[in-house]
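# Survey of secondary and tertiary structure
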Amino acid sequence: SLGCYPLSYYFKGDENNGISIGSVHTLPFFRRKGFAKQLILWVEKEQKLKGAKISSLYSDIPPKYYSKIGYLQCPSWESWLTINDTKTTSKSSNWSLEKFSPTTLLEKLNELYSSYHKFIPLGIARPLTYWKFLISKQPNDEFYWLKRFPSQTLGYVRLTRVGNDLQISDFAVNQHLSDLLQKLFGLVIQLAKKKGFHKVGGWLPNEPGMQLLFKIQ
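A few points on the structure. Along each chain, residues carry numbers from 1 onward, in the same order as the chain's sequence is written. Local features in this predicted model are restricted to residues of pLDDT 70 or higher, and side-chain atom pairs are both shown and tallied only at a pLDDT of 80 or more, whereas totals for entire chains, interfaces and linings draw on every residue. Here the side-chain values reflect all heavy atoms present in the structure, with hydrogen atoms and water set aside.

### Notes on the pattern of salt bridges
Convention followed: By salt bridge we mean one thing: a side-chain nitrogen of Lys or Arg within 4 Å of a carboxyl oxygen of Asp or Glu. Here a strand is any run of E in DSSP of at least two residues, a helix any run of H or I of at least four, and the numbering for each starts at the N terminus. Under the scheme applied here, a residue whose accessible area is under 20% of the maximum for its type counts as buried, over 50% as exposed, and between as partly exposed, the area being computed with a 1.4 Å probe on protein chains only.
As enumerated under the stated definition, the model contains three salt bridges in all. Measuring nitrogen to oxygen at the nearest pair gives 3.3 Å for the salt bridge that ties Glu 142 to Lys 99. Here Lys 99 lies in strand 5 (residues 95-100) and Glu 142 lies in strand 7 (residues 142-148), a separation of 43 residues in the sequence. In this structure Lys 99 comes out as exposed when scored by relative accessible area, which is 53%. In this structure, Arg 126 and Asp 170 form a salt bridge, with 2.7 Å as the shortest nitrogen-oxygen distance. With a gap of 44 residues between them, Arg 126 in the loop between strand 6 (122-125) and helix 4 (128-137) and Asp 170 in strand 9 (residues 165-173) connect regions that are remote in the sequence. Residue classification places Arg 126 among the buried residues on the basis of a relative accessible area of 13%. With a relative accessible area of 4%, Asp 170 lands in the buried category.

### Notes on a nonpolar patch on the surface
Convention followed: Each patch groups residues whose relative accessible area exceeds 30% and which form no salt bridge, using 9 Å between like charges and 5 Å between nonpolar side chains of Val, Leu, Ile, Met, Phe, Trp and Tyr. Calculation of accessible area relied on Shrake-Rupley with a 1.4 Å probe; when residues are assessed, cover is drawn exclusively from the protein chains displayed.
On the surface, Leu 27, Phe 29, Phe 30 and Phe 35 cluster together into a nonpolar patch covering about 450 Å² of accessible area. If you trace the backbone, Leu 27 turns up in the loop between strand 2 (14-22) and helix 1 (35-49).

Structure below.
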């Protein structure tokens, strides 16, 4: 069995229909007989006839298995910083994080999200219904605008408390610039330190600005 979920993707600046495959499972007695492969290929063929151009999946097994049927491994980097090891981040009165409630600002959020994720190698497009689902799924998450004095909004970040750690669950800046990301996450580190968290981090881009702030795994 598997789950097949409709998604839209940003690829090379264009939006494409696609699917995401998850929860691939074969009963133990029937494993290593090629059933999962046959099922994935059949689902892909059926969805292609319906207009899907891209298929992705998240795997908890070595990606080599899926590469045999055409999947390419997307690079991803988990980056964390122990607050006690924090490198000094300069404070500036021109920049700040401003907390807000996302429920009435979904269009503005999506505009910033699209301006950033549309131009990464492969991104997921989010309709407003998807935003509503994300917010309802984790209602205790906190959202902050990246503000530059006097009132310019240049990005946002979504933060999730995980025990004593602060996880960066979502983010975007309105220009694909490493220095803007560095400014955003530098302010998040300051916030995490102020609130007494042990670590701060998440799945972040491997860019020069990130390497100055986090330990990239």
